[in-house]
Amino acid sequence: MSTESPSAPESATPAPAAPAPTPAPAPARESRGGGPGGNRGPRRDGGGFRRDDRNRNNRDNKDQGDGPTMIEKVVFINRCAKVVKGGRRFSFSALAVVGDGKGKVGIGYGKANEVPDAIKKGTANAHKRLVSVKLKGDTIPHDVLGEYDGGKVLLKPATTGTGLIAGGAVRAVLEAAGVKNVLTKSMGSSNHIAVVHATLNGLLKLRLAADITALRTTAGDAEKL
């Protein structure tokens, strides 16, 4: 009887691994025109239209369609302090002038607890009070004296190149109205509200030569009748 132990069975040879499947090629992206990359929006190299450019153009066109650009000027901001139990409470008032630079001008006054709100109210009030004044080119047709309360403002026409010889509140009103050559003199109170309204009063007194001729013609026809 043999004493040799039976030999261990030989290990089975592993089966070869199956090859990994080759990924299918991605389908080609359909070109939508506008070059190799298609019309895919903004490009850093400056090519094509960018979305922000289109939005900016739309905003510009919208602003142009709203109407003429208005000239807004803040003449004076006054601070008022009210003493209360906890201390002082401040409020502000703003005097604003608005015009289109072509013969329309308005004056507004607004009050609020904050400066920006007061300016906003004054500007909105001025937009509601726009009036038309008679101008002769970039100057006024004749001398005029405007009066309001204690304010008196003298306005005289000037030749081209003279400039706007005015200061403070008078300059703000004339710039908003579109006057570019004029001589002025404030001869009354220095109060901003009085000076602004006196200037506007003088502008409203202006008459063109055609207006005077029409009045004389109408008066002459009435006398004949």
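Presented here is an overview of the structure given in this document. Keep in mind the model is a prediction, meaning the values are calculated, not measured. (Residues numbered from 1 in each chain as written. Predicted model: local features only at pLDDT ≥ 70, side-chain atom pairs only at ≥ 80, totals over all residues. Heavy atoms only, no water.)

Looking at the overall build of the protein
Reasoning step 1: Across its full length, the protein holds five helices and eight strands.
Reasoning step 2: Contacts in the protein between residues at least 24 apart in sequence constitute 55% of all its contacts with a sequence separation of at least 6.
Reasoning step 3: Put simply, the protein shows about 16200 Å² of open surface, and 53% of that area lies on carbon and sulfur atoms. (Helix = DSSP H or I, 4+ residues; strand = E, 2+ residues; numbered from the N terminus. Contact = heavy atoms within 4.5 Å. Areas by Shrake-Rupley, 256 points an atom, 1.4 Å probe, with all protein chains shown as cover.)

Section: helix H2 (residues 115-128)
Reasoning step 1: Over its 14 residues, H2 extends 20 Å from the first C-alpha to the last, a length consistent with the 20 Å expected when each residue adds 1.5 Å.
Reasoning step 2: Where H2 is buried, its residues touch strand S1 (71-84), strand S2 (87-99) and strand S3 (104-112). (Expected span 1.5 Å × (residues − 1).)

Some words on the nonpolar core
Reasoning step 1: With 28 residues, the main nonpolar core has Val 105, Ile 140, Leu 155, Leu 174, Val 196 and Leu 203 as its most contacted residues.
Reasoning step 2: Of all the secondary-structure elements, those providing two or more residues to this core are S2, S3, strand S6 (151-157), helix H3 (169-177) and helix H4 (192-204).
Reasoning step 3: The greatest single-element share of this core, amounting to seven residues, is contributed by H3.
Reasoning step 4: Residues contacting Val 105, with those up to four places away along its chain left out, are Val 97, Val 98, Gly 99, Arg 129, Leu 130, Val 131, Val 133, Val 173, Ala 176, Ala 177 and Leu 200. (Core = buried A, V, L, I, M, F, W, Y, C linked by side-chain atoms within 4.5 Å. Buried < 20%, exposed > 50% of the residue type's maximum accessible area, 1.4 Å probe, protein only.)

Notes on the sheet that holds S6
Reasoning step 1: Pairing within the open sheet is mixed, and its four strands lie in the order S5-S6-S8-S7. Single-partner strands in this sheet number two, and they are strand S5 (144-148) and strand S7 (164-165).
Reasoning step 2: Pairing between S7 and strand S8 (residues 182-186): two bridges, direction parallel. By the bridge assignment for S8, Ile 165 is matched with Leu 183. (Pairing = 2+ DSSP bridges.)

Geometric descriptors of this kind do not, in isolation, establish any biological role.
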